[in-house]
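Coordinate analysis (summary)
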Amino acid sequence: MKPFFICLLLALSAKITCAQQVAFPGADGFGRFATGGRGGLTYHVKNLNDSGEGSFRDAVSRPNRTVVFDIGGVIQIHDKIHVAEQVTIAGQTAPGDGIVIYGNGLSFSSNCITRYVRFRGSINMPKGACVVVVDSVHDVIFDHISVEWGRWDDFHIKDSKNVTVQYSLIGEPIDPQRFGALFENPERVTIQHCLWIDNQSRNPKAKAGIEYINNVVYNWGVNGLVGGHSGAVHNQDIINNYFIAGPNSGHAFIGMFSATDQVYHNGNYVDMNKDGVLNGRLVVDTDFVHAEATLKPTRQNTAMDLKNIESAADAYATVLAEAGASLHRDAVDERIISYLRSLGKEGKIFKSEADAGGQPKLNSAPAPKDSDGDGMPDAWEKANHLDPNNAADGNAITAGSTYTNLEVYLNSLVPKKK
């Protein structure tokens with residue numbers, strides 16, 4: 001075979017492999033094939049400024065980037081940030097206590113990977129604003145993020161496809177609405193192993209084609225999980241979740257479904273007694289019939305790997321340990337997790353972040369030396385037989401791996417899934 005055709009076959013083979021490569025080990029659900037900034041440039045966030053060279057805003061302003069952090073702390077922003085397409089935000093690289101983007105919201109584009117970052121709004125942003133917006137995009141995954149203090153909803157997903165939110169914390173939205181999340185007609189959405197906490201309602205509002213698996217909903221106000229409640233048909237699979245009432249919780253752990261909400265449910269539990277012990281009952285058909293949903297006999301959305309689905313009780317333990325930017329939980333998330341740990345005795349729906357104690361300072365630490373700026377520290381490159389003075393080896397793929405060397409390093413910073 002001629003060299004040209006050999007090269008062409010190799011290129012096509014690499015393209016097929018890349019297309020099926022999951023975003024990182026442990027990525028699951030409909031958004032698991034997001035590519036992020038794989039193969040693009042590496043951008044180092046070097047300061048906590050709102051804008052300008054070396055800032056987070058500048059880092060995510062252009063496509064085909066992997067964003068790493070040379071500094072930890074609070075990045076206070078005044079205006080909304082737009083994240084370009086094909087961007088990886090590697091929050092696990094932030095030294096010290098990690099990173100928080102505080103004060104306003106962010107909107108995301110297609111093919112983005114975001115891990116281990118805290119996104120927090122503020123009472124000073126517009127009253128109709130959400131913290132994280134994922135509208136009209138495709139192939140996006142959020143892993144171990146914390147989203148809090150949104151004024152309308154914390155999270156908003158509209159008309160998007162192939163989205164995963166996993167091992168994340170969505171809680172403490174503030175005035176005027178204090179809602180968790182609104183999903184408006186997205187398709188192929190996976191929400192798994194997330195903590196929905198201290199939200200007045202919408203945990204989320206699932207006006208969507210969604211698989212909702214292994215989540216914990218704690219201390220809802222008026223409603224817990226909300227159906228689409230619209231004229232359009234929405235297929236919702238609700239599997240092995242735990243609904244746990246807190247001090248502010250009313251009786252409606254599920255609500256606002258309608259006949260157009262096609263619900264498959266299995267293995268869900270609800271604990272309403274607020275006695276500090278996890279001792280809920282199985283959610284049954286009549287719970288959803290009372291909420292006016294149409295019941296379906298089999299799953300309708302099947303992206304999540306069956307081996308990663310836990311029982312509701314096991315999911316509670318996993319969420320307690322992992323939900324949110326848990327590599328280094330800050331004081332806000334520690335406080336919120338302590339509410340969950342109380343199993344009904346503690347928790348509060350706040351009017352502003354000031355009422356919740358405000359955003360604490362986060363400590364940074366020295367970043368490891370990276371002579372060639374490829375995102376991989378010199379010491380790690382040497383230990384892995386790479387050249388710390390050759391930036392090109394960051395996007396190379398070492399034999400035996402399916403990820404670039406940079407991705408291998410980034411993946412090594414977080415605990416491996418069992």
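Our subject is the structure that appears above.
In this report, the structure presented in the accompanying data block is examined. (Residues numbered from 1 in each chain as written. Predicted model: local features only at pLDDT ≥ 70, side-chain atom pairs only at ≥ 80, totals over all residues. Heavy atoms only, no water.)

**With respect to the overall build of the chain**
- Counting secondary structure elements, the chain contains 7 helices and 29 strands.
- Along the first, second and third principal axes, the C-alpha set of the chain runs to 65 × 55 × 35 Å.
- Buried positions account for 58% of the 418 residues belonging to the chain.
- When contacts within the chain are restricted to residue pairs at least 6 apart in sequence, long-range pairs at least 24 apart make up 66% of them.
- Accessible area of the chain: about 16500 Å², with a carbon and sulfur share of 54%.
- Across the chain, the mean location of the 38 positive side-chain charges is 2 Å away from that of the 46 negative side-chain charges. (Helix = DSSP H or I, 4+ residues; strand = E, 2+ residues; numbered from the N terminus. Buried < 20%, exposed > 50% of the residue type's maximum accessible area, 1.4 Å probe, protein only. Contact = heavy atoms within 4.5 Å. Areas by Shrake-Rupley, 256 points an atom, 1.4 Å probe, with all protein chains shown as cover. Lys, Arg positive; Asp, Glu negative; His and termini not counted. Charge placed at Lys NZ, Arg CZ, Asp CG, Glu CD.)

**Some details on the pattern of salt bridges**
- Applying the stated rule across the entire model yields 14 salt bridges.
- The salt bridge partner of E211 is R299, with a shortest N-O separation of 3.0 Å. Here R299 lies in the loop between β29 (294-295) and α4 (312-322) and E211 lies in strand β20 (residues 210-213), a separation of 88 residues in the sequence. (Salt bridge = Lys/Arg side-chain N within 4 Å of Asp/Glu carboxyl O.)

**Section: the nonpolar core**
- Judged by nonpolar contacts, the single largest core of 62 residues is most densely connected at F56 and F155.
- The contact partners of F56, leaving out residues within four places of it in the chain, are V45, F69, I75, I81, I89, I101 and L106.
- W149, Y242, A312 and A323 belong to the second-largest nonpolar core, a separate cluster that totals 25 residues. (Core = buried A, V, L, I, M, F, W, Y, C linked by side-chain atoms within 4.5 Å.)

**Comments concerning unusual backbone geometry**
- Residue P176 follows D175 across a cis peptide bond; omega there is 10 degrees.
- Among the structural elements, P176 can be located in the loop between β15 (169-171) and β16 (179-184).
- One non-glycine residue, M256, lies in the positive phi region at around 60 degrees.
- Checked against the element boundaries, M256 lands in the loop between β25 (252-255) and β26 (261-266).

**Let's talk about helix α5 (residues 331-341)**
- When we look at burial in α5, the residues that qualify are V332, D333, R335, I336, I337, Y339 and L340.
- One or two steps after α5, the chain reaches L343, where phi turns positive at roughly 50 degrees.

**Here's the deal with the sheet that holds strand β19 (residues 205-207)**
- Ordered in space as β4-β7-β10-β13-β16-β19-β22-β25, the 8 strands form an open sheet in which the pairing is parallel. Of all the strands in the sheet, just β4 (81-82) and β25 have a single pairing partner and so form its edges.
- Alignment of β19 against strand β22 (residues 223-227), held across 2 bridges, turns out to be parallel. Bridged to K205 within β22 is V226. (Pairing = 2+ DSSP bridges.)

**Notes on the sheet that holds strand β11 (residues 138-143)**
- Strands sit in the order β1-β2-β5-β8-β11-β14-β17-β20-β23-β26-β29 across an open sheet of 11 strands; the sheet is parallel. At either end of the open sheet lies a strand with only one pairing partner, and these are β1 (41-45) and β29.
- Where strand β8 (residues 112-115) lies against β11, 4 bridges are found, and the strand directions are parallel. Across the sheet, the residue bridging to I113 is I141, located in β11.

**Remarks on the environment of A27**
- Relative to the helices and strands, A27 is located in the loop between α1 (3-20) and β1.
- It is 30 Å that separates the C-alpha atoms of A27 and G347, two residues lying 320 residues apart in sequence.
- Once you skip the residues sitting within four places of it in the chain, A27 turns out to touch V22, R32, I141 and Q166.

**What about a nonpolar patch on the surface?**
- On the surface, Y269, L282 and V284 cluster together into a nonpolar patch covering about 220 Å² of accessible area.
- Tracing the sequence through the fold places V284 in the loop between β28 (281-282) and α3 (285-290). (Patch = residues over 30% accessible without salt bridge, like charges linked within 9 Å, V, L, I, M, F, W, Y side chains within 5 Å.)

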